[in-house]
Amino acid sequence: MNSGFTEFLPTGIEITYLVAASLFIVGLKQLGSPATARRGNLIAAIGMFLAVVATLLNQSVLNYQMILLGVVIGSLVGAIAAQRVEMTAMPQMVGLLNGLGGAASTLIAVGEYWRLMGLGETIPLDATITVILSVLIGNITLTGSFLAFAKLQGLVSGSPVTYPLQQPINVLLLIGFLAGSAYLVATAPDPTVFLVINGISLLLGVLFVLPIGGADMPVVISLLNSFSGLAASAAGFVLMNNMLIIAGALVGASGIILTQIMCKAMNRSIASVLFGAFGGATKATGGASGTQQDKIVRSIGAEEGAMMLGYARSVVIVPGYGMAVAQAQHTVRELADQLEKMGVEVKYAIHPVAGRMPGHMNVLLAEANVPYPQLHDMDDINPEFERTDVALVIGANDVVNPAARSDANSPIYGMPILEVDKAQHTIVIKRGMSAGFAGVENELFYKDKTMMLFGGAKDVVAQLVSEVKQL
Amino acid sequence: MAAGLLTGLVVFVLASFVGFEVINKVPPTLHTPLMSGANAISGIAVIGAVLIAGAQEWNVTVILGLIAVVLATVNVVGGFLVTDRMLQMFKKKEVKA
């Protein structure tokens, strides 16, 4: 009886893995539709639970107490983080979790290599190659994600960092990595060389994210998400475990799709995001903006703004990251409710890269209970601006910059924008005249139809609410 | 090339195609939850970590494996819970609308 059970066990584990992989696929599919998304997430979580339980039944797993302790610690940290995180900090959270996934994959590969070295036999060629690939992807995901986290959190400057000989240094490091790898493949395993290639790949992750910043952050987060999947897959090759390979490949594919969507929304290719320094081009136009002093800016107060909004027939609200940072989404909804009471038609226009990760703004407005039908994608809303009385821009900048349409020299030229300048009037709520995240001057602010309403988003919108009530 | 590696490669390529097909055409509203959900799935590394941390005696591999167990579990649990928290907000609003 007992021997029959142990004989069946490996097969049972593989079958459970197959079930878990299927649940992941069904879960991801359902995550793609609003009606079923929550169930999809639950289904994927059940798949994960099954996979972990099946793995614990593996005959080679004996160290139960420590492993369960690790699972408990990890679960507590994860649950608390998921509870506490602000919705505005979602990109950082995802960045951080990506990094942890990458770190786990690297540790698996390093641990397995150490075990193989300890056996004192020659390590098979395919094992060496998969370990090397795994540490490369895992380490880049780890340090790249942590740097992205630090940039989003404001721990380091969010703008792109460029320095002389950037590409040659990267190429040199890559050659060093390949040389070290070739040495490990061709000769005996060597702990020192192995640690050196680990160090190089960690450095590559930092150098990969360092020159990317500003408006390109959603692309980086998507790409690192894809990497974290590929890292898990690579660890699967190291251990020859199909469950890891499949789940990793699914995540890798989803990350690449989102990366493509983000690039399309900014009219940039992946290559230009990764290698073309956004900052370099910005500096070139920075010189020209010095002459902007003689341009006229129309500034209005909250009372005047409230009158424009209250007596309009249609208002389109364009929220940007500035609104999110100010935590003004709830006040904005209050304003929208008030306007609707007065018979004004209110819509929200959401740019695909509004916020700092794909779909970020939708989440923030959902948090504030903005009804789903009021949210409009860029393609839906752009033809409507001509019929709109007032476009209210709150803390958005680059995504409404007409230079993307007209100025071929602008670094954001060609990026699809929300065409608020076509509305009858535009009110822009902004702290001051500083340039946007991409570091580009915005000519929208100097147009005749544009009124600037200076101040913090939350305060100004709150003033608008009380002024509108008095109309 | 070892047979195992080849099989792994076949599985990887086919799973990638499945991933592309399944995730294509997702509305922008769901991009963030999809990403954090996928992120949680990438925490599948936890089972690899359990496998290498499973040996009875203490050595470098077991220690690295246990650290990996903790990190990957944070990724899994944090990822699924935060995704659910986000989707809950969408749900609430749907009922209202």
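Here the residue numbers are simple positions, counted from 1 along each chain's written sequence. Written order decides the labels, with chains lettered from A and ligands numbered from 1. pLDDT decides what is reported in this predicted model: residues at 70 or higher carry local features, side-chain atom pairs at 80 or more are listed and counted, and totals for whole chains, interfaces and linings draw on all residues regardless. Only hydrogens and water are set aside when side-chain values are computed; all heavy atoms of the structure are taken into account.

Draft legend 1. Region of interest: unusual backbone geometry. A positive phi angle, close to 50 degrees, is found at Met240 of chain A, a residue other than glycine. Each helix is a run of DSSP H or I of at least 4 residues and each strand a run of E of at least 2, with the numbering of both proceeding from the N terminus. Within the secondary structure, Met240 of chain A is located in the loop between helix 8 (217–239) and helix 9 (242–265). Buried means the residue's accessible area, taken with a 1.4 Å probe over protein chains only, is under 20% of the maximum for its type, while exposed means over 50%, and partly exposed covers the values in between. The partly exposed category is assigned to Met240 of chain A, whose relative accessible area is 38%. One non-glycine residue, Lys25 of chain B, lies in positive phi territory at about 60 degrees. Note that Lys25 of chain B resides in the loop between helix 1 (3–23) and helix 2 (31–42).

Draft legend 2. Highlighting the interface of chain A and chain B. Only heavy atoms matter for contacts: two residues are in contact if any of them lie within 4.5 Å across the pair. At the interface, 101 residues of chain A touch 82 residues of chain B. The term buried area refers to how much accessible surface (probe radius 1.4 Å) is lost by two components on association, counted for both of them together. A combined buried area of about 7,900 Å² lies between chain A and chain B, and 77% of that area is made up of carbon and sulfur atoms. Considering only the surface of chain A that becomes buried against chain B, Arg38, Met48 and Leu107 of chain A emerge as the three largest contributors, covering 8% of it. A pairing counts as a salt bridge when a side-chain nitrogen of Lys or Arg comes within 4 Å of a carboxyl oxygen of Asp or Glu. One can count one salt bridge joining chain A with chain B. With a shortest N-O distance of 2.8 Å, Arg38 of chain A and Asp84 of chain B are connected by a salt bridge. N or O atoms within 3.5 Å of each other form a polar contact, as long as, within protein, one can give a hydrogen and the other can take it, and as long as residues adjacent in sequence are counted only when both atoms are side-chain atoms. Here chain A and chain B share 17 residue pairs in polar contact (both at pLDDT 80 or more) between them. Contributions of two or more residues to the side of chain A that touches chain B are made by helix 1 (2–31), helix 2 (37–56), helix 3 (64–84), helix 4 (90–118), helix 5 (125–153), helix 8, helix 9 and helix 15 (360–367) of chain A. Only Asp, Glu, Lys and Arg are considered charged in this grouping, and only Ala, Val, Leu, Ile, Met, Phe, Trp, Tyr, Cys and Pro are considered nonpolar; every other residue, Gly among them, is considered polar. For the side of chain A that touches chain B, the per-class residue count stands at 64 nonpolar, 29 polar and eight charged.

Draft legend 3. Highlighting the confidence of the model for chain B. Residues and elements named next belong to chain B. Looking at any residue, its pLDDT shows the predictor's confidence there, from 0 to 100. The predicted model of chain B has a mean per-residue pLDDT of 88, with 92% of residues at 70 or higher. Confidence, read as mean pLDDT per element, is least for helix 4 (residues 60–96) in chain B (87) and greatest for helix 3 (residues 45–53) (94). The low-confidence segment residues 93–97 (pLDDT under 50) makes eight contacts with residues lying over four places distant or belonging to another chain. Both scores are available for the predicted complex, with the pTM at 0.85 and the ipTM at 0.93.

Draft legend 4. Representation of the packing of aromatic side chains in the model. Residues and elements named next belong to chain A. By convention, a stacked pair of Phe, Tyr or Trp rings (six-membered ring in the case of Trp) has centres within 6.5 Å and planes under 30 degrees apart, an edge-to-face pair has planes over 60 apart, and any other such pair is tilted. As enumerated under the stated definition, the model contains four aromatic pairs over all chains in all. Judged by centre distance (6.3 Å) and plane angle (50 degrees), the rings of Trp114 and Phe194 are tilted. With Trp114 in helix 4 and Phe194 in helix 7 (residues 191–209), this pair connects stretches of sequence that are 80 residues apart. Judged by its relative accessible area of 25%, Trp114 falls in the partly exposed class.

Draft legend 5. Molecular detail of the environment of Ile417 of chain A. Residue and element names in this part refer to chain A. Structurally, the position occupied by Ile417 is in the loop between helix 17 (403–406) and strand 5 (425–430). Ile417 sits twelve residues away from Arg405 along the chain, and the two C-alpha atoms are 7.9 Å apart. Discounting chain neighbours no more than four positions away, the residues touching Ile417 are His351, Met378, Asn382, Asp398, Val399, Val400, Asn401, Pro402, Ala404 and Arg405.

Draft legend 6. Seen up close, the pairing of strand 4 (residues 390–394) of chain A. All names here are of chain A. When you tally the buried positions in strand 4, you get five out of five residues, the bulk of the element. Neither face of strand 4 is exposed, since Val390, Leu392 and Ile394 on one face and Ala391 and Val393 on the opposite face are all buried. Strands qualify as paired when DSSP identifies two bridges or more between them. Two strands pair when backbone bridges link them, and strand 1 (residues 314–319) and strand 4 are joined in this way by five bridges, in the parallel orientation. Directly across from Pro319, in strand 4, lies its bridge partner Ile394.

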